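Chain and residue survey
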Amino acid sequence: MVMTGPWLLYGANGYTGELAARLAVAQGHRPILAGRSASGVCALSDELRLERRLFSLDEPRRIDEALAGMSLVLHCAGPFSRTSRPMAEACLRTRTHYLDLTGEVDVFEALAARDQETRAAGVMLLPGCGFDVVPSDCLALHLKGRLPGARRLALAYGGFGRVSRGTATTAIEGLGRGGLVRRGGVLTPVPSAWKARRIDFGEGERTAVTIPLGDLSTAWHSTGIPDIELYFAAPAVLRALAVASRYLGPLLGAEPVRRFLTARVRSGQAGPTEEERRRGRGFVWGEVEDDAGRRAVSRLATPEGYTFTAHAALAVVERALAGRAPAGFQTPAKAYGPDFVLGIEGVTRTDL
Ligand SMILES: NC(=O)c1ccc[n+]([C@@H]2O[C@H](COP(=O)([O-])OP(=O)(O)OC[C@H]3O[C@@H](n4cnc5c(N)ncnc54)[C@H](OP(=O)(O)O)[C@@H]3O)[C@@H](O)[C@H]2O)c1
């Protein structure tokens, strides 16, 4: 379905923004490319023959001017802990739908807290349109459908291949903050890598440890299941580092350490190569349990994470442009149902 409504892709010169922009054009869309860095945005918009808007997120008036007449923004500039708020506020002022690629718990929670004013404005706020959290959010709601009385939900990511500079920078922002789970509906601090379990993502068991990512927010909003744990299948060295970070928390959170790590990341490769994206796969696993001990387990296999992210984000854009943009704070599964993820090429779901 190719729509004509004007929409803005902000952060177009970033690794993921560029992937989304190229895919959008390949699918017949004409997004207006935007960002704060003239060189990157101009080069891409010239090459793709797309209109552009250059603005930083520091001046509300300039963001409002750039959003005038737009149906929606696909916000690809992160860490979203720094970028989400000014863009979301501009979207509320200008009545523009807001979509982003965050996976950060605090960002989801901050946007969820604006549900009432967002509904009143008739605007949709839909963060998490990428690999984190579209598959896991859809899987969580699917599992809730399989076991409606579920009280406990565990979700797990089967690891990543190479991550982009932006993903690594965003991870550095969260260093030293410890772990999180949801207990009785409340986000509850726990030590880093608090629990470990063996999980079969479909290719044999691997060890996964708890991590504090966005599903601790979205799965709660999508399913209402009160106890949620999120796991990540990490190599032994990363698991050991996560445990060590319990004791290094203040050091890792210190500004000079963050600056050093961020500089190292910025000097590295932008993200996975085309070949790595073509060969990579993503795996998500989920389990629900009720108070009678009944359990259900399902899992998803997806294309590589960044490829998936570009496709998923555009699938959301198309629905929103077609008028399927329920007002208020939304999660992918709440807005489009548990089977939304199955419409993305290369995704399979298995019920065990
Ligand atoms: N949920 C998911 O599955 C998923 C998937 C992919 C990416 N992401 C997230 O998306 C974000 C971007 O990732 P990436 O790989 O594209 O990173 P990247 O290549 O480093 O690009 C980052 C983009 O964000 C812009 N940006 C950063 N801080 C900004 C600020 N304060 N104001 C305005 N623009 C700012 C950058 O602009 P400049 O060039 O001007 O600095 C650049 O356009 C990260 O937070 C990453 O974690 C999430």
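Reference entry: report on the structure contained in this document. (Residues numbered from 1 in each chain as written. Predicted model: local features only at pLDDT ≥ 70, side-chain atom pairs only at ≥ 80, totals over all residues. Heavy atoms only, no water.)

Looking now at the environment of Leu-111. Positionally, Leu-111 belongs in helix H5 (residues 105-112). Measuring from C-alpha to C-alpha, the distance between Leu-111 and Gly-128 comes to 11 Å, with 17 residues separating the pair along the chain. Residues contacting Leu-111, with those up to four places away along its chain left out, are Ser-84, Ala-88, Tyr-98, Asp-100, Leu-125, Pro-127 and Phe-329. (Helix = DSSP H or I, 4+ residues; strand = E, 2+ residues; numbered from the N terminus. Contact = heavy atoms within 4.5 Å.)

The subject of this paragraph is the packing of H5 against helix H9 (residues 215-223). Between two packed helices, both the angle of their axes relative to each other and the distance between the axes serve to describe the pair. As a packed pair, H5 and H9 sit with axes 8 Å apart at the nearest point and diverge in direction by 40°. By the angle between their directions, the pair H5 and H9 is classed as oblique. For the pair formed by H5 and H9, the contact residues are Val-105, Phe-108, Glu-109 and Ala-112 on the first element and Ser-217, Thr-218 and His-221 on the second. In terms of residue class, the contact of H5 with H9 is built from three nonpolar, three polar and one charged. (Axes fitted to C-alpha atoms, helices over the stretch in contact; angles between N-to-C directions. Parallel < 35°, antiparallel > 145°, perpendicular 65-115°, else oblique. Nonpolar A, V, L, I, M, F, W, Y, C, P; charged D, E, K, R; others polar.)

In this section: unusual backbone geometry. A cis geometry characterises the amide bond from Gly-78 onward to Pro-79, with omega recorded as 10°. With respect to the element layout, Pro-79 can be found in the loop between strand S4 (72-75) and helix H4 (80-94). Positioned with a positive phi, Arg-95 is a non-glycine residue whose angle comes to about 55°. Secondary-structure assignment places Arg-95 in the loop between H4 and strand S5 (97-100). Of note in this structure, Ala-193 is not a glycine but carries a positive phi near 50°. For Ala-193, the location among the structural elements is in the loop between strand S9 (186-190) and strand S10 (196-200).

As a structural note, the neighbourhood of the ligand is formed by 27 residues, with Tyr-15, Ser-37, Asp-132, Ser-164 and Thr-170 the closest of them. Tyr-15 is positioned with one of its backbone polar atoms (N or O) 2.8 Å from an oxygen atom of the ligand. Between the ligand and the protein, one listed contact pairs a nitrogen atom with a backbone N or O atom of Leu-101 at 2.8 Å. Taking 920 Å² as the accessible area of the ligand by itself, protein coverage stands at 86%. With three residues, the single largest contributor to the shell around the ligand is helix H8 (residues 165-173). (Near = heavy atom within 4 Å. Polar contact = N/O pair within 3.5 Å; in protein donor to acceptor, adjacent residues only side chain to side chain. Areas by Shrake-Rupley, 256 points an atom, 1.4 Å probe, with all protein chains shown as cover.)

Taken in spatial order, the seven strands make up an open sheet running S3-S2-S1-S4-S5-S6-S15, and their pairing is parallel. Only two strands of the sheet have a single partner each, and these edge strands are strand S3 (52-54) and strand S15 (328-329). When strand S1 (residues 7-10) meets strand S2 (residues 32-35), the two strands line up parallel, connected through three bridges. Bridged to Tyr-10 within S2 is Ala-34. Taken strand by strand, helix H1 (residues 15-26) contacts S1, S2 and S4, and its axis lies near 150° from that of S1. (Pairing = 2+ DSSP bridges.)

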